[in-house]
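Listed below are the residues making up each chain.
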Amino acid sequence: MIDAIKKVPLLVPLVLVMVILSISTDTFLTVGNLENVLVAAAILAIPGMAMTFCLAMGEFDLSIGSTVSLTGVVCCSALIAGQPVPIALFLALAVGAVIGLANGVVITKLGVTPFIATLATMVIVRGASLAYTDGHDQIVSSAGLKYLVGGRPLGIPMPIVLAVVAAALGWWTINRTRFGRWVCAIGSNRDAATMSGLPVDRIRIAVYILVGLSGGVWGLLISSQLQKGNGQLGLGFELDAITVVVLGGTALLGGRASIIGTLLGAVMIETIRNGLNLLNTPPAYQRISVGLLLIAALALLAFRREDRGAKPKRALAGVQESAA
Amino acid sequence: MTTETIIERTGDKPAKISFGRLWDTWGVTAILILLLLCTPAIAPGFLEVENLQSVLRESAYVGIVAVGMTFAIASGAFDLSVGGQLALTSVVSLMAFSGGGTAAAIAAAIVTGLLCGLVNAGLITRLRVPPFVATLGSLFVFRGIAYLLTQDGPKTLPYSQIHSPFVKLGSLNIAGLPLPFIIMVAVFAGGWILLRRTAIGRRTLAYGSSPSAARFCGISDTRIRLFVFGLVGLTVGIAALTYITRVWTADGSAQDGFELKVIAAVVLGGTALKGGKGTLVGTFSAVFLVSVLNEVLVSRGVESAYQRIVLGCVLIVALTIDGLRTRFAGPGSFRRAITGLIPRKTTQATS
């Protein structure tokens, strides 16, 4: 038990928050509500998995929120144009992958810093989505698309099934495959990885494609939920995706990844949102709480690093921070 | 590296003026002048006095914050929270104005801006949170507080106050130049002196090029962070004054995506993302390059959605040049950057 807590420090605050919410509201601890929390957490955890790879590599992708919008729009307008559901889904995922590929190529081949490159694609993709929809909603009513969120194979909500599959794949890839090891190697020291002959550029591009694809899945889930796509969807989602991963304990400077942590991070965020809703707090508090949570998690991480003595010299820790 | 590089480096002659070095400082300015020379052809009516005044006035608040951001990026850190700071500062300042008039509004804006900056610096130095995430988190906190303060609707300047001196801040012209533009030029001048003529400016650059080396030279990183983020907060305070007297209203969603505009301007201007190099001349020209480009697009009837796409592409192209140049840093880098467009494996130390 103690071992588990050490590995996933988020467990304690999560249980604490859940206990507080169960006592202070009558509605939190009901099957219906818990299912809502888990479905929302599952939707957030899927892109969280891909983002875990990205952060383990020591990089960010800020364009994922815009990818959500554009892929949702692509899927909905394909359906409106009379395409069958599988083709619409495929098109959306393909668009997500292309955005990821573009990010990867710009970052690795043109040498643009990931932060700025994905910031630029974030604007470009958002612009494309707004331009394509001309500011209107693309409303669909498709039972096939609805199944992505509303379906219940074996009585379990579809997003939870997808998230569990994604988490299992993610865990396996990070811990049991060469690719996962390479990603962590690049995250801990890219120069060393290059000098050891790893195909660094190709791995980075692959990770960005993965993030783009997961953004596509996220966009599909969101449009499935709302039965529409528009240029405004997914605003600020990049912060959510990064927060989930960072909360889960994946090191911001790369080199370490925790898939289970990411899962719990998603549950944590959605529990807090759900709790704030049940307690009737205004939406502004939700923004503040996500921001505070992010800062608190990182401050805790920094302190733990010092306690363990893994970074004995302050000077050293500072150097790495400024490199991030 | 080729032999010619070595010969150039070991030569005894003082470094001759290279195109690359000139480009670093004046490249954006040259492009801006080129664009301005083209405007009569592509956007008739652009060069009319009223239109130019409006461009200058609109650029002011981005430009003022860009001064602070130039310091932040030169020190090797981003401040992503400037949008939240601007919203919060504007809201607080408007509340102070309805309570205590012009002086209170100005004081409130400056103090709130500074406080926001100090909060960021505290998060980074005391809690040891990396600047990127600290300011990402505080962006949401600041915006959230601004939303909380404006739950009953956005704060506005009442129309009855149209003759108060505060409102004049945004609308007055002195010798044909809008006051916000004059304030911006003053802030740039102050920033230039700080960066080039004072110890703290030099220390900021030193810290940006190598934090550990700077530390070994006795430069305190707490002080650098306090100075840099405090300065960003201060410039946001000043910018908020020109912003609210221009648009008369503010709420939590004011200037969404502001941080992108500011960072884009600084980076376009030629301040290196890795820190250690900052050019306020470049930032100044880049601010106008972006707003002139926007104005031209608007007058050509291009929709705002496409304007985003153009801005993003301009950013990527500019940074590609920057990335290729740092990759082949040294004399003759320009030529090698162009021949270096063919991809090849390289080592990059920072991400």
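Predicted model only: the values in this text are computed from it and were never measured. (Residues numbered from 1 in each chain as written. Chains lettered and ligands numbered in written order. Predicted model: local features only at pLDDT ≥ 70, side-chain atom pairs only at ≥ 80, totals over all residues.)

(A) Just the overall build of chain B, in detail. Helix and strand counts for chain B come out as 14 helices and 4 strands. Per-residue burial over chain B gives 48% buried out of 351 residues. Within chain B, residue pairs in contact and separated by at least 24 positions form 79% of the contacts whose partners lie at least 6 positions apart. (Helix = DSSP H or I, 4+ residues; strand = E, 2+ residues; numbered from the N terminus. Buried ≥ 20, exposed ≤ 12 C-beta atoms within 10 Å, placed from the backbone. Contact = placed C-beta atoms within 7 Å.)

(B) Local environment of the overall build of chain A. Helix and strand counts for chain A come out as 15 helices and 2 strands. Relative to the compact-globule value of 20 Å for 324 residues, chain A shows a C-alpha radius of gyration of 20 Å, a close match. Based on the C-alpha atoms only, the size of chain A along its principal axes is roughly 60 × 55 × 35 Å. Across the 324 residues that make up chain A, the buried fraction comes to 54%. Counting contacts in chain A only where the partners sit at least 6 residues apart, residues at least 24 apart contribute 78% of the total. (Rg over C-alpha atoms; globule rule 2.2 N^0.38 Å.)

(C) Summary view of the environment of Ala 109 of chain B. Residues and elements named next belong to chain B. Relative to the elements of secondary structure, Ala 109 occurs in helix 4 (residues 82-125). By C-beta crowding, Ala 109 is classed as buried, having 28 other C-beta atoms within 10 Å. A sequence separation of 132 residues divides Ala 109 from Leu 241, and the C-alpha atoms of the two residues are 6.9 Å apart. Excluding residues that lie within four positions of it along the chain, Ala 109 makes contacts with Thr 89, Ser 93, Gly 237, Ala 240 and Leu 241.

(D) Representation of the packing of helix 3 (residues 49-74) of chain B against helix 12 (residues 280-299) of chain B in the model. Residue and element names in this part refer to chain B. Remark: helix 3 packs on helix 12, axes separated minimally by 9 Å, with the N-to-C direction vectors making an angle of 145 degrees. The crossing of helix 3 and helix 12 is right-handed. For the pair formed by helix 3 and helix 12, the contact residues are Val 55, Glu 58, Ser 59, Val 62, Gly 63, Ala 66, Val 67 and Thr 70 on the first element and Leu 280, Thr 283, Phe 284, Val 287, Phe 288, Ser 291, Val 292 and Glu 295 on the second. Residues belonging to the contact of helix 3 with helix 12 are distributed by class as follows: 9 nonpolar, 5 polar and 2 charged. (Axes fitted to C-alpha atoms, helices over the stretch in contact; angles between N-to-C directions. Left-handed = near helix turned anticlockwise from the far one by under 90°. Nonpolar A, V, L, I, M, F, W, Y, C, P; charged D, E, K, R; others polar.)

(E) Local environment of the UniProt feature "transmembrane region" (unreviewed entry) in chain A. All names here are of chain A. Taking the UniProt record as the reference, the feature "transmembrane region" (unreviewed entry) is found at residues 12-31, 37-55, 87-108, 115-133, 153-172, 205-226 and 284-303. Secondary structure across residues 115-133 divides into 100% helix and 0% strand, with the first and last C-alpha atoms of the span separated by 27 Å. Helix makes up 100% of residues 284-303 and strand makes up 0%, while its end C-alpha atoms are separated by 29 Å. (UniProt positions renumbered as here; feature names shortened; annotations may be inferred.)

(F) Structural view of the nonpolar core. Core analysis: the biggest nonpolar cluster contains 199 residues, and Ala 45 and Ile 116 of chain A together with Val 65, Met 69, Val 262, Ala 265 and Leu 268 of chain B have the highest contact counts within it. Ranked by residues supplied to this core, first place goes to helix 4 of chain B with 17 residues. Dropping the residues within four chain positions of it, Met 69 of chain B is found in contact with Asp 79, Val 82, Val 232, Val 262, Ile 263 and Val 266 of chain B. (Core = buried A, V, L, I, M, F, W, Y, C linked by C-beta atoms within 7 Å.)

(G) Local environment of the UniProt feature "transmembrane region" (unreviewed entry) in chain B. All names here are of chain B. Under the UniProt annotation, "transmembrane region" (unreviewed entry) lies at residues 26-47, 59-78, 90-119, 131-150, 170-195, 224-245 and 280-299. Regarding residues 90-119, the helix share stands at 100% and the strand share at 0%, and the terminal C-alpha atoms are separated by 17 Å. The distance separating the terminal C-alpha atoms of residues 224-245 is 32 Å; by composition the span is 100% helix and 0% strand.

(H) Examining the confidence of the model for chain A more closely. Residues and elements named next belong to chain A. Per-residue confidence for chain A gives a mean pLDDT of 84, with 90% of residues at or over 70. The lowest-confidence element of chain A is helix 15 (residues 314-323), averaging 43 in pLDDT; the highest-confidence one is helix 11 (residues 200-226), averaging 93. Taken together, the stretch residues 309-324 has pLDDT below 50 and engages in 22 contacts with residues farther than four places along the chain or on a different chain. (pLDDT = per-residue confidence, 0-100.)

(I) Highlighting the packing of helix 4 of chain B against helix 11 (residues 258-268) of chain B. All names here are of chain B. Two elements in contact, helix 4 and helix 11, have axes separated by 7 Å at closest approach and are oriented at 125 degrees. Viewed along their axes, helix 4 and helix 11 adopt a mutual orientation that is oblique. Here helix 4 contributes Val 82, Gly 83 and Leu 86 to the contact with helix 11, which in turn contributes Phe 258, Glu 259 and Val 262. Grouping the amino acids of the contact of helix 4 with helix 11 by side-chain chemistry returns 4 nonpolar, 1 polar and 1 charged. (Parallel < 35°, antiparallel > 145°, perpendicular 65-115°, else oblique.)

(J) Quick look at helix 4 (residues 64-80) of chain A. All names here are of chain A. If you check helix 4, its first and last C-alpha atoms are 24 Å apart, about what 17 residues at 1.5 Å a residue would give, namely 24 Å. With 15 of its 17 residues buried, helix 4 lies for the most part within the structure. Where helix 4 terminates, the next one or two residues include Gly 82, which has phi positive at roughly 95 degrees. (Expected span 1.5 Å × (residues − 1).)

(K) Representation of the interface of chain B and chain A within the structure. Opposite the 51 residues of chain B that make contact, chain A presents 48 residues. Those elements giving two or more residues to the side of chain B that touches chain A turn out to be helix 5 (131-149), helix 9 (211-216), helix 11 and helix 13 (304-327) of chain B. Element by element, the count of residues in the side of chain B that touches chain A is highest for helix 13 of chain B, at 14 residues. For the side of chain B that touches chain A, the per-class residue count stands at 29 nonpolar, 14 polar and 8 charged.

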